[in-house]
Amino acid sequence: AMASANSAMNATEMTKIMTEFQRQNEIAAVKEEMMDDALADAFDSEEVEEEADQVTSQVLAELGVELDSQLVGLNAPGKRPTQEDAIAEEEDALNDALPDLRARLDAL
């Protein structure tokens, strides 16, 4: 089986193909590295980062002003609700809904 495979394959031709493949692969790697460097130089400049930070700060400042004007006059809670308060509110809500739920159940 190996003898027939060896006779069907030309070793020198295969070596030439593999050498050409390696050469083309190295060329592609060099081109990729050059493109990466060019893109990094184009987009990773300090000026672009500083300008982006300025624009971001400006937008956040404008949004902050808008939010501040919307929040004027709202009463902030004086203290954080306790767990007991939350449980009492849930029980009140359930007690309010219970008669309606019983009426629906009885209607079935």
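This is a predicted model, so every value here is computed, not measured.

Asks: I'd love a proper account of the overall build of the protein, names of residues and values included.
Replies: The number of helices and strands found in the protein is four helices and zero strands. Written out in order from the N terminus, the α and β elements of the protein read α-α-α-α. Counting every position in the protein, which comprises 108 residues, the buried fraction comes to 0%.

Asks: Go over a nonpolar patch on the surface with me, naming the residues and quoting the values.
Replies: On the surface, a nonpolar cluster with roughly 370 Å² of combined accessible area is contributed by M9, M14, I17 and M18. With respect to the helices, strands and loops of the structure, M14 is situated in helix 2 (residues 11-43).

Asks: Tell me about the confidence of the model for the protein, residues and numbers included.
Replies: Overall, the predicted model of the protein reaches an average pLDDT of 82, with 84% of residues at or above 70. The least confident element of the protein, judged by mean pLDDT, is helix 3 (residues 46-71) at 74; the most confident is helix 2 at 91.

Asks: Tell me about helix 4 (residues 83-107), and name the residues and values.
Replies: When the terminal C-alpha atoms of helix 4 are compared, their 36 Å separation across 25 residues agrees well with the 36 Å that a helix rising 1.5 Å per residue should span. Of all the bends found along helix 4, the most pronounced is centred on L98 and spans about 35 degrees, while P99, a proline, follows it within four residues.

Asks: I'd love a proper account of the pattern of salt bridges, names of residues and values included.
Replies: Applying the stated rule across the entire model yields two salt bridges. One salt bridge in this structure joins R23 and E20, with 3.0 Å as the shortest N-O distance. Of this pair, R23 and E20 both sit in helix 2, three residues apart, which is roughly one turn of the helix. Classification of E20 by relative accessible area gives partly exposed; the value is 36%. Residue D100 pairs with R104 through a salt bridge whose shortest N-O separation is 3.7 Å. Note that D100 and R104 are positioned in helix 4 at a spacing of four residues, about one turn of the helix.

Asks: I'd like to hear about a negative patch on the surface, residue by residue, with values.
Replies: Side chains of E84, D85, E89, E90, E91, D92 and D96 sit close together on the surface and give a patch of like negative charge. Considering the arrangement of structural elements, one finds E84 in helix 4. Looking at E84, the relative accessible area reads 58%, which means it is exposed.

What counts, and at which threshold
- Residues numbered from 1 in each chain as written.
- Predicted model: local features only at pLDDT ≥ 70, side-chain atom pairs only at ≥ 80, totals over all residues.
- Heavy atoms only, no water.
- Helix = DSSP H or I, 4+ residues; strand = E, 2+ residues; numbered from the N terminus.
- Buried < 20%, exposed > 50% of the residue type's maximum accessible area, 1.4 Å probe, protein only.
- Patch = residues over 30% accessible without salt bridge, like charges linked within 9 Å, V, L, I, M, F, W, Y side chains within 5 Å.
- Areas by Shrake-Rupley, 256 points an atom, 1.4 Å probe, with all protein chains shown as cover.
- Salt bridge = Lys/Arg side-chain N within 4 Å of Asp/Glu carboxyl O.
- pLDDT = per-residue confidence, 0-100.
- Expected span 1.5 Å × (residues − 1).
- Bend = angle between axes of the 7 residues up to and from the residue.
- Lys, Arg positive; Asp, Glu negative; His and termini not counted.
- Charge placed at Lys NZ, Arg CZ, Asp CG, Glu CD.

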